[in-house]
Structures are given as structure tokens and as C-alpha cells.
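So the chains spell out like this:
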Amino acid sequence: MTFSQTKIWMSVGAYVLVGTAAISPSVKATEVKPEPSLRSATAQVDRPIGLRLVAGIPTATLAQGGESGAGAKPEDLSEGEKANAAFQDKLSGSALLSALQKGGHIIYFRHAQTEKDYADQADPNMKLGNCETQRKLSDVGIQQSKDIGSAFTAKKIPVGEVITSEYCRAWKTADLAFGKHQKNPKLNFLPFEDYTDAQVQEMKANVMPLLTAVPKGGTNTVIVGHDDIFEAATGIYPAPQGMAYVLTPDGKGSFILQANMLPEDWAKL
């Protein structure tokens, strides 16, 4: 068990092993078939309703509050949460750091920790340019973002493009960490309380080109987005907030999931 996985175990209250691998090491846009997500009733998510990924499977309504399923029973975890907990790092420690220093990877961050307020989650008329109407980064999330940026600098991890959703909590995480961002609406989750299968496929189609694009020579591409977008593409629900997954695209429309990282893990590489 890696350090990251140990931290996940502490977050959900149990380490859940699902078969062997939660997802194939080499992920192609045409191969990923996410499982239904019925999230635990205490999980803090980017929407108040669980992600619906398979036709005919109803979603579960979530209560507000909590973080990352804290205290949830293993049987109450969604398939995406189980996949997150069961994920096995292929690279870690000095090997991961060396790979990142050489560039060529996509680092997908779920935005840093926010205040527990769900007011903006299902409002299709919300003006994304007005941060006052959106859920904000908490003091913890602000510090997480700064610490991530400091670790990247200290560890000499080269960053090229920094792409974010249009939500303030995403681009502010990027700005605090890396001092730059480029907004891309393809990283926005769809503003509905319950997703249809077509909407899940739309989110997957939106993000897959970003996850499979080979970074410019010698750099890593940073993406800061949301939980549902990543889950739609990979079947993995990234928790807690601030978690990152490192992916290596192969230039042929597929990628390998290499590692997951909590905000505090970067300084420990």
C-alpha cells in the first residue's frame, strides 16, 4: 500500500480492495466503461446527486456535509470510490519524481478543498465569472494550493500548460499553485442534479482529448477540474478534494494511470 492509499484508507474508514485492478492500465477513450456511482451519504461532491453512469441504474441523493465519505461503511461506497481506494500506484517515491522531472505527463487535480456549500451545483443560469455565487476555496484549500505549487518548484517538476474549468474554485487552485491558468469549458461538469447516460458520455468525450494529449517536450500538463469529469472518463471518483492523478498519454489516444497524490504527498516525493 502506498502512502497515498494509506491516506485514502484513513479518509473512508476502510481500505476496499475490488478484485484486482479497478481499471485497465492502458485506458482508451473507446474502452473506458465507468460503473454506476452511488456515493456515500456523507461525501462532499461537486453535485448533490450521485453520478449516473449506466442506463437503468438509479442514482442516490446525497446529504450535504462530510468529506470523502468519512465514516462510511465499505458497502456504502460507490463503485467510483472503491476504484479510487483500490488503485495501486505504478510509480511512487523517487521513481515517480524522476518521471515527472522528465515531463510527458498529465496531472489531473480535483480542485482544492472548499467551503461546504452546494448552492452553485445545479444552476444552469449561474454566471461562471461571478465567484461570489460559487462555492469557494476554504482556508485549508488555499493553503493546499500554495503548498502544491511550492512542492513543484522545490522538486523541479516542469509545468507547461495549466488548463482549468471555468469554475472559480478550479482556476483559483491553479493560480495559487502555478501562477497561471487557461480556462476550458470542456472541463466544466454539466449543471444538472441528475445526469442522463448521454450527458455522462458528453463529459467523457469532452475530457478525453485533454487526458490523452501529449505535453510539449520536457513539460507536464496540469489540469484542474472536478470529480464527475474524471469519473466519467475513468470510472474513478477522485477523493478527497485536492487529490491528483498522474497519467502518461502514449500519443495514440490512450494513457496509463501512474499514481494518485494527496496535496501533502508532493512535498514528500
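Anything mentioned here points back to the structure above.
Everything quoted here is computed from the prediction, not taken from an experiment. (Residues numbered from 1 in each chain as written. Predicted model: local features only at pLDDT ≥ 70, side-chain atom pairs only at ≥ 80, totals over all residues. Heavy atoms only, no water.)

Chemist: Please provide a residue-by-residue account of the state of the cysteines, values included.
Modeler: Under the defined criterion, the tally for this structure stands at 1 disulfide. The side chain of Cys131 participates in a disulfide bridge whose partner is Cys168; the two sulfur atoms lie 2.1 Å from each other. Note on the Cys131 and Cys168 pair: the S-S dihedral is about -90°, so by sign convention the disulfide is left-handed. Residue Cys131 is found in the loop between β2 (106-110) and α4 (139-154), and its partner Cys168 is found in helix α5 (residues 168-178); the two are separated by 37 residues along the sequence. (Disulfide = S-S within 2.5 Å. Helix = DSSP H or I, 4+ residues; strand = E, 2+ residues; numbered from the N terminus.)

Chemist: Tell me what's going on with the packing of α4 against α5, and back it up with residues and numbers.
Modeler: Across the interface, α4 lies against α5 with an axial gap of 7 Å and an inter-helix angle of 40°. The pairing of α4 with α5 is recorded here as oblique in orientation. The two elements α4 and α5 meet at a crossing, and its hand is right-handed. On the side of α4, the interface is formed by Ile142, Ser145, Lys146, Ile148, Gly149 and Phe152, while α5 contributes Thr173, Leu176, Ala177 and Phe178. Its residues assigned to classes, the contact of α4 with α5 comprises 6 nonpolar, 3 polar and 1 charged. (Axes fitted to C-alpha atoms, helices over the stretch in contact; angles between N-to-C directions. Parallel < 35°, antiparallel > 145°, perpendicular 65-115°, else oblique. Left-handed = near helix turned anticlockwise from the far one by under 90°. Contact = heavy atoms within 4.5 Å. Nonpolar A, V, L, I, M, F, W, Y, C, P; charged D, E, K, R; others polar.)

Chemist: Please give an account of the side chain of His226 that cites residues and values.
Modeler: Assignment of secondary structure puts His226 in the loop between β5 (220-225) and α7 (227-234). The class of His226 is buried, set by a relative accessible area of 0%. Among the polar contacts made by the side chain of His226, one reaches the side chain of Ser165 at a distance of 2.8 Å. (Buried < 20%, exposed > 50% of the residue type's maximum accessible area, 1.4 Å probe, protein only. Polar contact = N/O pair within 3.5 Å; in protein donor to acceptor, adjacent residues only side chain to side chain.)

Chemist: Which residues make up the pairing of β5, and what are the values?
Modeler: The side chains of a regular strand alternate, residue by residue, between the two faces of the sheet. Within β5, 6 of the 6 residues are buried, which leaves the element mostly enclosed by the surrounding structure. By the alternation rule, side chains of β5 split into Asn220, Val222 and Val224 and Thr221, Ile223 and Gly225, which are all buried. Direction of pairing for β2 relative to β5: parallel, over a ladder of 5 bridges. Across the sheet, Tyr108 pairs through a bridge with Ile223, a residue of β5. (Pairing = 2+ DSSP bridges.)

Chemist: Explain the pattern of salt bridges to me, using residue names and the numbers behind them.
Modeler: For the structure shown, the criterion picks out 3 salt bridges. Taking the shortest distance from any N to any O, the salt bridge between Glu79 and Lys82 comes out at 3.6 Å. You can see Glu79 and its partner Lys82 sitting in helix α2 (residues 79-86), 3 residues apart, about one turn around the helix. On the accessibility criterion, Glu79 (33% relative accessible area) is partly exposed. In this structure, the salt-bridge partner of Lys136 is Glu132, at a minimum N-O distance of 3.9 Å. (Salt bridge = Lys/Arg side-chain N within 4 Å of Asp/Glu carboxyl O.)

Chemist: Talk me through the environment of Ala232; I want residue IDs and the actual numbers.
Modeler: With respect to the helices, strands and loops of the structure, Ala232 is situated in helix α7. Residue classification places Ala232 among the buried positions, given a relative accessible area of 0%. For the pair formed by Ala232 and Gln201, sequence separation is 31 residues and the distance between their alpha carbons is 7.2 Å.

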